[in-house]
Amino acid sequence: MTGRNQFMTGLAITRFALVAIILALAAGPWLFDLNQQTLLTEFFTLLVLALMWNLLAGYADIITVGQHAFVGVGAYAFYGLAVLADVDIFLAIPMAALTTLLVAIPTMAIIFRLRTAYLAVGTWVAAEVMMLIAGKLPGFGGGSGTSLPIPVVKAFGATLSGRVSTFYAMSFALALLAFGTTWIFLRSRVGLGLTAMRDNEEAAGAAGVDLVMTRIVCFLWTAPFLGLAGVLVTLQKLRVAPSASFSITDWTIYIIFIVVIGGIGSLEGPVIGTILFFLLRGYLAAYGTWYLIILGAVSIGVILAEPRGIWGACRRWGIPDLAPASHGPKP
Amino acid sequence: MSGADDEPLRVEKLNVYYGQFRAVHDIDLTVAAGEIVSVIGANGAGKTSFLKAIMQQADRAEGSIHAFGLNLRTMSTPQIVAAGVALVPEGRRLFPSLTVAENLRIGWEIGRRGSITLDRIYSWFPVLAERRDQPARRLSGGQQQMVALGRALLANPRLLLCDEISLGLAPVVVGQLYDILPKIRAEGISMIVIEQDVVRSLAVADRFYCFLEGAVSLVGRPQDANRDVIMRHYFGG
Amino acid sequence: MTIDMLNQAIQGALIGGLYALFAVGLSLSLGVIRFINIAHGDLIVLASFLLMSLSGLLGLSPFVVALFMLPLAFAAGYWLQRLLLQRVVGESVLPVILVTFGLSIMIQNGLLQAYGPDTHKLHGGQIEVASVHMFGLFDIGFFPLAVFFTAIVVIAALDILLYRTSIGARIRAVADDPAAADLIGLSSGRMYAIAMGVVGMTVMLAASCMSVWTNFDPAIGPSRLLTAFEAVVLGGLGSLWGTLVGGMVLGIAQNLGAQMDASWQILAQHLIFLLVLVLRPRGLFPKA
Ligand SMILES: Nc1ncnc2c1ncn2[C@@H]1O[C@H](COP(=O)(O)OP(=O)(O)O)[C@@H](O)[C@H]1O
Ligand SMILES: [Mg+2]
């Protein structure tokens with residue numbers, strides 16, 4: 001019993017430390033310099049993407065290789081609304097999320113005709129189509145893209161440091177929102193069905209979990225978050241362009257590596273993976289293509305050795321989930 | 001004890017696990033040359049797991065398994081089949097999109113060469129000859145079981161393992177299948193016949209083993225066994 | 001329809017032969033092992049670079065080199081399956097997708113590291129410039145015809161292999177029920193590996209045709225994968241001849257799209273795919 005108590009105390013301390021870290025991050029604009037804030041903004045954006053990819057692949061059994069589609073749609077929707085339609089930027093942001101959702105509905109209707117492995121490549125085709133169409137839309141600068149006009153940028157802060165802090169706050173809020181709502185979502189009735197699905201699809205089906213409906217809800221759930229991430233990306237790069245806004249490398253390939261290495265099917269996995277990704281990038285970025293070769297090799301190694309990634313290994317060592325998504329038996 | 005070269009099967013202290021669950025519990029079982037051994041037991045008694053372990057298809061097994069002096073534990077399933085041990089799996093498990101002839105020929109190709117040929121199978125089961133070019137999924141249950149039996153026989157085994165041949169079949173059809181057993185025996189093939197139907201299976205057997213919850217609860221000869229005793233060891237309690 | 005459009009459609013249909021060559025290997029791995037090899041396109045590109053290096057080194061035509069490389073390609077596919085993919089095939093498709101995805105990124109960047117980002121094209125010799133004049137209306141390149149013919153031969157050969165040989169019956173048996181196969185002593189792992197060996201050979205043939213027909217660089221693998229995938233789905237899953245028709249539909253769509261505007265070429269290809277997916281989710285020639 002004492003061992004168990006110590007364990008629970010350890011868990012409590014860990015959780016307390018996490019809350020402290022989150023509070024510190026909330027105070028980021030006062031604690032970190034501009035470079036650190038910029039890096040963290042990027043971190044939060046990738047974290048949102050990782051959480052969404054993990055929700056689909058790790059729980060809903062939807063493996064997408066076309067996640068960059070909705071990032072790009074969000075980016076282009078924001079540009080269209082804020083710049084071309086002259087909508088107030090703080091209205092344009094939620095509207096961009098809504099637009100992404102609206103694009104996601106017909107996309108889903110078409111590609112959900114494919115299942116499992118076919119669906120994975122189907123999402124990729126859909127992403128290609130959207131990227132090609134984005135390059136043809138009038139007013140968006142064609143294939144080479146276009147920059148955000150100064151007034152739109154200035155609306156986020158008159159000074160550079162002001163803007164960096166605004167973007168930091170926005171991305172932090174989005175990451176918190178994505179993590180929090182996804183957690184709550186996973187603990188809801190639908191979410192419990194998802195956890196059942198993660199563990200055993202057949203049993204979940206037999207237990208009356210509506211698999212099709214659950215998949216639809218999940219797919220649509222991720223769309224606005226991906227769209228909002230697209231808005232953040234646009235604000236960081238200050239421009240939209242098909243190749244950058246719809247970047248498969250940045251918004252899908254890296255994300256898959258992040259989640260695979262961190263641990264599919266847990267909420268902790270994407271966080272660990274994103275942290276690791278930034279640490280690795282700091283060391284290996286100088287090696288260019290080798291960086292991607294190494295990431296590819298590491299992720300293959302992880303799948304072979306521990307399909308549930310680093311957090312899966314932690315679970316196996318008896319470390320309980322810090323953000324348990326199911327009401328399963330307590331350790 | 002590794003068993004003599006002519007001893008079809010010697011299983012000692014066999015345990016089979018699914019995860020933490022032990023489905024087969026310290027089973028000792030032998031089959032003598034030319035013998036038909038019946039294994040009876042209720043649903044879930046561990047009969048299928050036992051056969052899977054012999055074929056080296058169990059997730060995890062412990063103990064020793066020797067056939068014809070060979071240590072099966074060190075062999076792969078294709079090697080075991082080539083050495084003369086063939087399985088008629090539970091539920092028939094034909095390849096549904098392949099024709100009857102293709103299903104049968106696979107048995108021939110993976111097995112040993114011997115006296116049982118495609119033509120002889122067709123002469124034992126004439127209906128299969130008629131339907132040789134039809135996909136297996138179109139056959140009736142009884143005909144599918146004939147193909148499954150034929151596929152295993154075409155491997156020219158010295159030891160044939162049959163898992164619930166009569167499962168889900170009408171009594172007449174089961175009768176037709178069981179009529180073949182003497183012919184198989186006449187080829188010098190030893191057999192393990194697994195059934196839940198005690199009467200049917202004891203009628204053909206030289207000896208029987210009764211499994212209860214993964215362990216052997218009773219061994220004997222059909223003619224010595226009292227029906228009530230068997231039922232007690234079959235259902236337990 | 002103008003003569004020009006008809007001409008474009010015919011040229012497009014001939015490109016379908018090349019696309020079918022991309023697709024047959026993918027179709028085989030999907031049909032037999034039920035997984036999608038995300039690295040399929042990258043393997044074609046890898047083979048193209050290999051052909052480039054070897055034909056340069058030996059001073060031989062890439063077609064000749066490809067023929068000599070076929071046994072090696074078989075072995076490569078066989079061992080790729082045995083040593084890597086076999087460890088992750090199973091009920092869930094997630095691990096296979098992720099492993100082949102990782103492989104895809106490694107191949108792309110490995111080629112980038114080894115050969116740089118430049119675009120290449122191999123020389124096939126006289127056959128590339130020869131053409132036949134048809135119906136007094138248009139010129140059909142000899143090389144596209146040869147590639148189309150190659151696709152027909154490859155598909156016919158695969159058809160015979162799968163449906164007329166005993167090894168083909170065993171491959172189909174494993175595709176039907178791998179667990180049953182293992183149970184009776186027909187090793188599914190071995191049959192899968194043989195199937196992937198055959199896939200490797202189709203990859204080599206596809207590479208020899210592609211590297212002479214079109215430009216290639218380390219990054220184009222994914223677009224080849226998407227084309228192959230679309231041809232497979234369009235044709236009807238599991239139908240080898242269907243992939244040829246699927247490839248032709250894509251090629252025609254590309255060329256007619258390019259007639260409108262060069263930038264519409266690829267978009268037209270994808271849109272026709274999505275359209276058919278909506279109208280006929282099971283493809284043009286679904287297998288029963
Ligand atoms: N694949 C499996 N996973 C987990 N448990 C299994 C599996 N197969 C069988 N079992 C369990 O092992 C026990 C024996 O099963 P089995 O060998 O099929 O019995 P029998 O053939 O006598 O009906 C049963 O309790 C069954 O539930
Ligand atoms: Mg059984």
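Remember, it's a predicted structure, so these values are computed and weren't measured experimentally.

## Notes on the interface of chain A and chain C
Of the residues lining the interface, 35 residues belong to chain A; the matching set on chain C comes to 39 residues. At the boundary of chain A with chain C, the tally comes to zero salt bridges. The interface formed by chain A and chain C holds three residue pairs in polar contact (both at pLDDT 80 or more) in total. Sorting elements by how many residues they give to the side of chain A that touches chain C places helix H6 (residues 116-134) of chain A first, with 12 residues.

## Remarks on a nonpolar patch on the surface
Residues and elements named next belong to chain C. A cluster of nonpolar residues, Leu57, Leu58, Leu60, Val64 and Phe68, forms a patch on the protein surface that exposes about 540 Å² of accessible area. The set of elements that each furnish at least two residues to the nonpolar patch consists of helix H2 (40-58) and helix H3 (62-83). Note on placement: Leu57 falls in helix H2. Classification of Leu57 by relative accessible area gives exposed; the value is 70%.

## Considering the interface of chain C and chain B
Listed per partner, the contact involves 17 residues of chain C and 18 residues of chain B. Buried surface at the junction of chain C and chain B, both sides included, amounts to about 1600 Å², of which 65% is carbon and sulfur. Looking only at chain C, the three residues that lose the most surface to chain B are Asp176(C), Leu183(C) and Ile184(C), adding up to 43% of its buried area. Our count for the contact surface shared by chain C and chain B stands at three salt bridges. Between Arg93(B) and Asp177(C) there is a salt bridge, and its shortest N-O distance comes to 3.2 Å. Our count for the chain C to chain B interface comes out at five residue pairs in polar contact (both at pLDDT 80 or more). Mapped onto the side of chain C that touches chain B, the elements with two or more residues apiece are helix H6 (166-176) and helix H7 (178-184) of chain C. Residues belonging to the side of chain C that touches chain B are distributed by class as follows: nine nonpolar, three polar and five charged.

## Topic: the packing of helix H13 (residues 248-262) of chain A against helix H4 (residues 94-115) of chain C
Between H13(A) and H4(C), the shortest axis-to-axis distance is 11 Å and the interhelical angle comes to 130°. By the criterion of interaxial angle, the relationship of H13(A) to H4(C) is oblique. Relative to H4(C), H13(A) is oriented so that their crossing is left-handed. For the pair formed by H13(A) and H4(C), the contact residues are Ile253(A), Ile256(A), Phe257(A) and Val260(A) on the first element and Leu98(C), Phe101(C), Gly102(C) and Ile105(C) on the second. Per-class residue counts for the contact of H13(A) with H4(C) are seven nonpolar, one polar and no charged.

## A word on the domain arrangement of chain A
Bring the parts together and some accessible area is lost; that lost area is often taken as the interface size. All names here are of chain A. According to the domain assignment, chain A contains domain 1 (1-31) and domain 2 (34-247). Each of domain 1 and domain 2 has a C-alpha centre, and the two are 30 Å apart. On the domain 2 side, the residues contacting the five residues of domain 1 number seven residues. The largest contributions to the domain 1 side of the interface with domain 2 come from Ile22, Leu25 and Pro29, which together make up 78% of the buried area. Seen at the junction of domain 1 and domain 2, the total is two residue pairs in polar contact (both at pLDDT 80 or more). Per-element tally for the side of domain 1 that touches domain 2: the top contributor is helix H1 (residues 2-26), with three residues.

## Some remarks on the coordination of the magnesium ion (ligand 2)
Residues and elements named next belong to chain B. Looking at the magnesium ion (ligand 2), the protein donor atoms are Thr48 (OG1) and Glu90 (OE), and they sit 2.0 to 2.5 Å from it. Taken together, the residues span a long stretch of sequence, with Thr48 in helix H1 (residues 47-54) and Glu90 in the loop between strand E6 (85-88) and helix H3 (100-110) at a distance of 42 residues. The partly exposed category is assigned to Glu90, whose relative accessible area is 30%.

## Remarks on the packing of aromatic side chains
A full pass over the atoms with the stated rule returns 31 aromatic pairs over all chains. Measuring from ring centre to ring centre gives 5.5 Å for Tyr79(A) and Phe140(A), while their planes differ by 50°; the resulting arrangement is tilted. Of the two residues, Tyr79(A) is situated in helix H4 (residues 68-84) and Phe140(A) in the loop between H6 and strand E1 (146-147); the sequence distance between them amounts to 61 residues. The residues Tyr79(A) and Phe140(A) share a single accessibility class, namely buried. Measuring from centroid to centroid gives 6.3 Å for Tyr118(A) and Phe229(C), while their planes differ by 40°, and the two rings are tilted. With Tyr118(A) in helix H6 and Phe229(C) in helix H9 (residues 221-235), this residue pair bridges two chains. Taking relative accessible area as the criterion, Tyr118(A) reaches 16% and is therefore assigned buried. Each member of the aromatic cluster is reached from another via a ring pair, and the members are Phe32(A), Phe43(A), Phe44(A), Tyr168(A), Phe172(A), Tyr254(A), Phe277(A), Phe278(A) and Tyr291(A). The lysine or arginine in question, Arg113(B), covers the ring of Trp108(B), its NZ or CZ lying 4.3 Å from the ring centre.

## Points about the side chain of Thr222(A)
Residues and elements named next belong to chain A. Tracing the chain through its elements places Thr222 in helix H11 (residues 211-237). Judged by its relative accessible area of 1%, Thr222 falls in the buried class. In terms of polar contacts, Thr222 uses its side chain to reach the backbone carbonyl oxygen of Phe219, at 2.8 Å. With residues near it in sequence (within four places) discarded, Thr222 still touches Met52, Leu55 and Leu56.

## Observations concerning the confidence of the model for chain C
Low-pLDDT portions of the prediction should not be read for the details of their coordinates. Confidence in the prediction for chain C averages 93 pLDDT; 99% of positions are at 70 or higher. Of all helices and strands in chain C, the one with the weakest mean pLDDT is strand E1 (residues 131-134) of chain C (79), whereas helix H8 (residues 188-213) of chain C scores best (97).

## Comments concerning the sheet that holds E6(B)
All names here are of chain B. With mixed pairing, the six strands of this open sheet are ordered in space as E6-E7-E8-E3-E9-E10. Each edge of the sheet is formed by a strand with only one pairing partner; in this case those strands are E6 and strand E10 (215-220). Along the sheet, successive strands turn relative to each other by an average axial angle of 20°, direction set aside. For strand E9 (residues 207-212) and E10, the ladder comprises five bridges, and the chain directions are antiparallel. Bridging from a neighbouring strand, Leu212 pairs with Ala215 of E10. Contacting E6 and strand E7 (159-163), helix H6 (residues 141-153) runs over the sheet at an angle of about 170° to E6.

## Notes on the sheet that holds strand E5 (residues 70-71) of chain B
Within the open sheet, the four strands sit side by side as E2-E1-E4-E5 (chain B). Their pairing is antiparallel. In the strand order of this sheet, the two ends are held by strand E2 (21-31) and E5 of chain B, each with one partner.

## Details of unusual backbone geometry
Note on backbone geometry: most residues besides glycine have negative phi, and most peptide bonds are trans. Residues other than glycine seldom take positive phi values, yet Asp61(A) does so here, at roughly 60°. The topology assignment puts Asp61(A) in the loop between helix H3 (34-59) and H4.

## Structural notes on the confidence of the model for chain A
All names here are of chain A. Put simply, chain A has an average pLDDT of 88, and 93% of its residues get 70 or more. Looking at the elements of chain A, mean pLDDT is at its lowest for helix H10 (residues 201-206), recorded as 68, and at its highest for H4, recorded as 96. Note that residues 327-331 has pLDDT below 50 and, in this model, four contacts with residues that lie over four places away or in other chains.

## Some points on the arrangement of the chains
Looking across the two pairs of chains in contact, one finds the most contacts between chains A and C. The least C-alpha distance between chain A and chain B, which are not in contact, is 15 Å.

## Description of the site of ligand 1
Residues and elements named next belong to chain B. Surveying the vicinity of ligand 1 reveals the residues Tyr18, Phe21, Ala23, Ala42, Asn43, Gly44, Ala45, Gly46, Lys47, Thr48 and Ser49. Contact between ligand 1 and Gly44: an oxygen atom at 2.7 Å from a main-chain N or O atom of the residue. Ser49 is positioned with one of its side-chain polar atoms (N or O) 2.4 Å from an oxygen atom of ligand 1. Elements with a contribution of two residues or more to the shell around ligand 1: E2 and H1. Among the elements that line the shell around ligand 1, the one with the most residues is H1, at three residues. Tallied by class, the residues present in the shell around ligand 1 amount to five nonpolar, five polar and one charged.

## Comments concerning the environment of Leu118(B)
Residues and elements named next belong to chain B. Position of Leu118 relative to the elements: it lies in helix H4 (residues 118-124). Among the residues examined, Leu118 registers a relative accessible area of 23% and is labelled partly exposed. Placed 14 residues apart in sequence, Leu118 and Leu104 show a C-alpha to C-alpha distance of 7.4 Å.

What counts as what
Residues numbered from 1 in each chain as written. Chains lettered and ligands numbered in written order. Predicted model: local features only at pLDDT ≥ 70, side-chain atom pairs only at ≥ 80, totals over all residues. Heavy atoms only, no water. Contact = heavy atoms within 4.5 Å. Salt bridge = Lys/Arg side-chain N within 4 Å of Asp/Glu carboxyl O. Polar contact = N/O pair within 3.5 Å; in protein donor to acceptor, adjacent residues only side chain to side chain. Helix = DSSP H or I, 4+ residues; strand = E, 2+ residues; numbered from the N terminus. Patch = residues over 30% accessible without salt bridge, like charges linked within 9 Å, V, L, I, M, F, W, Y side chains within 5 Å. Areas by Shrake-Rupley, 256 points an atom, 1.4 Å probe, with all protein chains shown as cover. Buried < 20%, exposed > 50% of the residue type's maximum accessible area, 1.4 Å probe, protein only. Buried area = accessible area lost by both parts, 1.4 Å probe. Nonpolar A, V, L, I, M, F, W, Y, C, P; charged D, E, K, R; others polar. Axes fitted to C-alpha atoms, helices over the stretch in contact; angles between N-to-C directions. Parallel < 35°, antiparallel > 145°, perpendicular 65-115°, else oblique. Left-handed = near helix turned anticlockwise from the far one by under 90°. Domains from an automatic or database assignment. Donors = N, O, S within 2.8 Å, 3.2 Å for Na, K, Ca; no water. Phe/Tyr/Trp six-rings, centres within 6.5 Å; stacked < 30°, edge-to-face > 60°. Lys NZ or Arg CZ within 6 Å of the ring centre and 35° of its normal. pLDDT = per-residue confidence, 0-100. Pairing = 2+ DSSP bridges. Near = heavy atom within 4 Å.

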